[in-house]
Amino acid sequence: MFGDKLRFRFAKTGTLRLLSHHDLMRCLERMLRRAALPFKSTAGFHPGPRVVFALSLPLGVEGLDEVVEIEFLKELDADETLAALRAQAPLGLDFTRVAVVPMRATGTPRRIVYRLPVPDDRADALRERCEEVMAQAKVWVERLRPNPKRLNVRPYLRTVTVAGGRLVLDLWVTGTGTARADELLKLLNAADLVDAGAVAERTTVELRDEVDSTTTDPADVPPDGPADALPLDPATVATLTQSHKEDDSPVPALGPVVE
């Protein structure tokens, strides 16, 4: 299996969950150079490898099945390239599999799943709260970026539940946005679990071009079009801005980087 653009699946776990997305890109470039792989470079004054991550992973979250695509100067044996990257990867960064994709293809996320351990004494109450949220016709959150607004994230919630001792957030991802896990934790009164040291995992990054439309339930699909939004008044914007400043911490809020 040869190709000049390869899609890798990888896991980022352990202490590497505290490695930022920017530092992960720098780490991958060093791995490519040490493996002597002929990667394509971007143009401009600061060229780098032509690398695209399907969706950046929030700081502090473990990724169990992440996606990165890399373009090369010539066709390479996919399995040999996977082995070369594995040999250069630091502890906690595990490249698990590889596929050849067309040069014009881009891995577009369709669905993501987060998991967070829940103490036994919190499971029943949290499950009830999940059911309340899923029963609502609209679920509003307030965002400051990219512009202040009140957003209905209910269309992005495929499933929000507690199962097997974990809170499971199964979320749709569209070209116009998604729900953020940190927003949902606040709505579910579960943000304190992360503050207490619980480690979240992103277990699934489902790509549009990897879904078999012939076997997929036509009713089980991402929403079509942008979510309902309302502008925020200046007073609310000022309050949220101040709250974000007071809550400034070295680890950003848990959630996918999609606005």
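Up top is the structure.
Residues numbered from 1 in each chain as written. Predicted model: local features only at pLDDT ≥ 70, side-chain atom pairs only at ≥ 80, totals over all residues. Heavy atoms only, no water.

Novice: How do you make sense of the overall build of the protein when you look at a structure like this?
Specialist: Along the protein, the regular secondary structure elements total six helices and 12 strands. For 259 residues, the compact-globule estimate of 2.2 N^0.38 gives 18 Å, and the protein sits close to it at 20 Å. With respect to the three principal axes, the spread of C-alpha positions in the protein is 55 × 45 × 40 Å. Buried positions account for 43% of the 259 residues belonging to the protein. Pairs at least 24 apart in sequence give 78% of the contacts found in the protein among residues at least 6 apart. With an accessible surface of roughly 13,700 Å², the protein has 52% of that area assigned to carbon and sulfur atoms. (Helix = DSSP H or I, 4+ residues; strand = E, 2+ residues; numbered from the N terminus. Rg over C-alpha atoms; globule rule 2.2 N^0.38 Å. Buried < 20%, exposed > 50% of the residue type's maximum accessible area, 1.4 Å probe, protein only. Contact = heavy atoms within 4.5 Å. Areas by Shrake-Rupley, 256 points an atom, 1.4 Å probe, with all protein chains shown as cover.)

Novice: What is the right way to read the nonpolar core from this model?
Specialist: The nonpolar side chains of a soluble globular protein tend to be buried with one another. One finds Leu-126, Leu-157, Leu-167, Leu-169, Leu-171 and Leu-188 to be the most contacted residues of the largest nonpolar core, which totals 36 residues. Counting only elements with at least two residues in this core, the list comes to β5 (109-117), α3 (120-135), β8 (157-163), β9 (166-174), α4 (181-187) and β11 (201-207). Those residues in contact with Leu-171 that sit more than four places away from it in its chain are Arg-110, Arg-111, Ile-112, Tyr-114, Tyr-156, Leu-157, Arg-158, Thr-178, Ala-179 and Leu-184. Phe-8, Leu-24, Met-31 and Val-98 belong to the second largest nonpolar core, which has 24 residues in total. (Core = buried A, V, L, I, M, F, W, Y, C linked by side-chain atoms within 4.5 Å.)

Novice: Whenever I open this one, the pattern of salt bridges confuses me. Can you help?
Specialist: Once their charged atoms are close, side chains differing in charge can pair, the charge on each being opposite to the other. Under the criterion given, the structure shown has 24 salt bridges. Residue Arg-129 pairs with Glu-132 through a salt bridge whose shortest N-O separation is 3.1 Å. Remark: Glu-132 and Arg-129 occur in helix α3; sequence separation between them is three residues, near one turn of the helix. On the basis of relative accessibility, which here comes to 21%, the residue Arg-129 falls in the partly exposed class. Here Glu-132 falls in the partly exposed class, since its relative accessible area comes to 44%. One salt bridge connects Asp-170 with Arg-158, and the closest N-O pair in it is separated by 2.7 Å. Pair noted here: Asp-170 is in strand β9 and Arg-158 is in strand β8, with a separation of 12 residues, a long-range link. Residue classification places Asp-170 among the buried positions, given a relative accessible area of 7%. One salt-bridge network, in which partners are shared between bridges, spans Lys-5, Arg-7, Arg-9, Asp-65, Glu-69, Arg-97, Asp-209 and Glu-210. (Salt bridge = Lys/Arg side-chain N within 4 Å of Asp/Glu carboxyl O.)

Novice: How should unusual backbone geometry be read in this particular structure?
Specialist: Trans peptide bonds make up the majority, and among non-glycine residues the majority have a negative phi. Residue Pro-146 is reached from Arg-145 by a cis peptide bond, and omega for that bond is -5°. Within the chain, Ala-36 stands out as a residue other than glycine whose phi angle is a positive 55°. Relative to the assigned elements, Ala-36 resides in the loop between α1 (21-34) and β2 (51-53). Among the residues examined, Ala-36 registers a relative accessible area of 64% and is labelled exposed. Although it is not a glycine, Asn-189 adopts a positive phi angle of roughly 60°.

Novice: Just to check I follow, could you spell out helix α2 (residues 78-88) for this structure?
Specialist: Each turn of an α-helix holds 3.6 residues, which means side chains three or four residues apart point in the same direction. All buried positions along α2 are accounted for by Ala-78, Thr-81, Leu-82 and Leu-85. Buried positions in α2, seen along its axis, are confined to an arc of 100° and lie on one side of it. Facing away from the buried surface of α2 by more than 90 degrees, the exposed residues are Asp-79, Glu-80 and Ala-87. Where α2 is buried, its residues touch β1 (2-12), α1, β3 (62-77) and β4 (93-100). The distance from a side-chain oxygen at the start of α2 to the backbone nitrogen of Asp-79 is 3.1 Å, and the residue carrying that oxygen is Asp-77. (Arc of directions from axis to C-beta. Polar contact = N/O pair within 3.5 Å; in protein donor to acceptor, adjacent residues only side chain to side chain.)

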